[in-house]
Amino acid sequence: METSQNTPRTSGRRQWWALVGFGVAVFIAAAIGGLGVQGTTDEYASLRQPDWAPPSWLFGPVWSLLYALIAVAGWLVWRRVGFSRALWAWTAQLVLNAIWTPLFFGAGQYGLAFAEIVLMWLAIGLTVLLFAQVSRVATALMLPYWAWVTFAAALNLSIWRLNA
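None of these values were measured; they are calculated from a predicted model. (Residues numbered from 1 in each chain as written. Predicted model: local features only at pLDDT ≥ 70, side-chain atom pairs only at ≥ 80, totals over all residues. Heavy atoms only, no water.)

(A) Here's a closer look at the packing of helix α4 (residues 85-106) against helix α5 (residues 110-132). Two elements in contact, α4 and α5, have axes whose closest approach is 8 Å; the angle formed by their N-to-C orientations is 160°. Comparing their axes, α5 and α4 come out roughly antiparallel. Note that α4 runs across α5; the crossing there is left-handed. Across the contact of α4 with α5, the residue classes tally to 20 nonpolar, three polar and two charged. (Axes fitted to C-alpha atoms, helices over the stretch in contact; angles between N-to-C directions. Helix = DSSP H or I, 4+ residues; strand = E, 2+ residues; numbered from the N terminus. Parallel < 35°, antiparallel > 145°, perpendicular 65-115°, else oblique. Left-handed = near helix turned anticlockwise from the far one by under 90°. Nonpolar A, V, L, I, M, F, W, Y, C, P; charged D, E, K, R; others polar.)

Written as structure tokens, this is what we have:
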């Protein structure tokens, strides 16, 4: 188990404030992405999409759940080892998450968005590997997110190819 400090962060109000902090960090990433999709429902609907593309209304509920899981996973790791390499990877994947939506929707750069989501997928994978050294629960909480981003990457690639 990797530790950046000698004492775990498991007691007192500090841990609950930290959970709020992780929630705020994830909310900021989601809000940046949300700004990238405002007014894009018609644009998304007008794109040629594969038959297996989900309806646009599904994305909000799925991402809401995934963002909650991401926040709790980061918090669980922080409680065990503080701000370590695992949380640097967690931060990197979160930044990449925030960037993807404006690239895909705001800029309409489907190819660049695909390249970026591949980097995000790799960053999530690294996060999962590092979390596995610290917390099985945190690792398990990240797996639905990694699976969804795998699906989203395939959808991004398909949309890029169909609309090129």
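(B) View of α4. The terminal C-alpha atoms of α4, which comprises 22 residues, lie 32 Å apart, in line with the 32 Å expected from a rise of 1.5 Å per residue. Positive phi shows up at G108, right after α4, with a value of about 65°. (Expected span 1.5 Å × (residues − 1).)

(C) Summary view of the nonpolar core. If you look at the biggest cluster of nonpolar residues, it comprises 52 residues, and the most contacted ones within it are W90, F131, M142 and Y145. Within the residue set of this core, elements represented by two or more residues are α1 (12-37), α3 (59-81), α4, α5 and α6 (136-162). For this core, the element with the most residues is α3, which contributes 13 residues. Those residues in contact with W90 that lie beyond four places of it in its chain are F22, A25, V26, I70, A71, G74, T127, F131 and M142. (Core = buried A, V, L, I, M, F, W, Y, C linked by side-chain atoms within 4.5 Å. Buried < 20%, exposed > 50% of the residue type's maximum accessible area, 1.4 Å probe, protein only. Contact = heavy atoms within 4.5 Å.)

(D) Fine view of α6. Look at α6: 39 Å from first C-alpha to last across 27 residues, which is about the 39 Å you get at 1.5 Å a residue. Of the residues flanking the start of α6, the one acting as N-cap is S135, its side-chain oxygen 3.4 Å from the backbone nitrogen of V137. (Polar contact = N/O pair within 3.5 Å; in protein donor to acceptor, adjacent residues only side chain to side chain.)

So far we have only geometry, and geometry alone does not tell us how the molecule works.
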